Amino acid sequence: MKFLEWLFLTISPCDAAEPWQLGSQDGATPMMQGIIDLHHDIFFFLILILVFVLRILVRALWHFHYQKNPIPQRIVHGTTIEILRTIFPSLIPMFIAIPSFALLYSMDEVVVDPAITIKAIGHQWYRTYEYSDYNSSDEQSLTFDSYMIPEDDLELGQSRLLEVDNRVIVPAKTHLRIIVTSADVLHSWAVPSLGVKCDAVPGRLNQISIWVQREGVFYGQCSEICGTNHAFTQAVSRKDYGSRVSNQLIPQTEEA
């Protein structure tokens, strides 16, 4: 029982894909929650359209079977039904586009004064993270590399192809700005639970804004065909974030 309890507590706080999962991962940001709500709303109307079209199809197959209607009528044009079947389907994408554009614009919104800025640099096949807010006068910064843990070195409860040696620690309920770039080829910094997917292009800087609503470990991988071994992020409380960052800054100060 102790073993099962430890295993459950190790896996349960992690936001990662589960076997035979059909829906999205639990949203940890307002963006991801908006994506899930939009998906559910659109899917509801898609089910109504599916039922309506299937009903028409079944009725047509039933009532116009050759045994029940051996002599079919010759109908060349139906102006009214043609107008209706053209107007109504064109209105459906318009109603879908309104909330979609609102969500897209909110996702592209950039926070003017973020609390923390993190730079994510993609490599083949690892990531380098730089906390730009902690740069010192002697051009030293809080920078570290994040490598995926090999499958042979995984501990019990760790996720395969997702665990890394150095996690990205960010505070919860804080405005974050992530600057994404690449040092070699095209990469993509993506975390499904956060509703984030940003391309990393060599020589260019892309930025995204994040507001993590809750604490947890949020897994993500590169979404480009660039190779193997990528990284993920972790969100903690503000108090834990300060202690962990200070622990990483102290060794750099002692070495200097």
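Residues numbered from 1 in each chain as written. Predicted model: local features only at pLDDT ≥ 70, side-chain atom pairs only at ≥ 80, totals over all residues. Heavy atoms only, no water.

Q: Go over the layout of surface pockets, please, and point to the residues and values.
A: One number sums up the size of the largest pocket: a volume of about 1000 Å³. For the largest pocket, the lining is made up of 25 residues, of which F52, V53, I56, R85 and F88 are closest to its centre. Elements with a contribution of two residues or more to the lining of the largest pocket: helix 2 (30–63) and helix 3 (79–108). In terms of residue class, the lining of the largest pocket is made up of 21 nonpolar, two polar and two charged. (1 Å grid on protein atoms, 1.4 Å probe; cavity = no way out; pocket = protein on both sides within 12 Å on 5 of 7 lines; lining within 4 Å. Points joined across faces, edges and corners; volume = space filled by probe spheres on them. Helix = DSSP H or I, 4+ residues; strand = E, 2+ residues; numbered from the N terminus. Nonpolar A, V, L, I, M, F, W, Y, C, P; charged D, E, K, R; others polar.)

Q: Can you lay out the packing of aromatic side chains for me, pointing to particular residues and giving the numbers?
A: A full pass over the atoms with the stated rule returns four aromatic pairs. Among the aromatic residues, ring-to-ring pairing joins Y129, Y131 and F144 into one connected group. (Phe/Tyr/Trp six-rings, centres within 6.5 Å; stacked < 30°, edge-to-face > 60°.)

Q: Any chance you could break down the packing of helix 2 against helix 3 for me, citing the residues and the numbers?
A: Two numbers describe a pair of packed helices, the interaxial angle and the distance between the axes. Contact pair helix 2 / helix 3: the axes reach a minimum separation of 10 Å and the direction vectors enclose 170 degrees. It follows that helix 2 is roughly antiparallel to helix 3 by the angle criterion. The segment helix 2 lies against helix 3, with M31, G34, I35, L38, I42 and I49 engaging I92, I96, P99, S100, L103 and M107. Partitioned by chemical class, the residues of the contact of helix 2 with helix 3 number 10 nonpolar, two polar and no charged. (Axes fitted to C-alpha atoms, helices over the stretch in contact; angles between N-to-C directions. Parallel < 35°, antiparallel > 145°, perpendicular 65-115°, else oblique. Contact = heavy atoms within 4.5 Å.)

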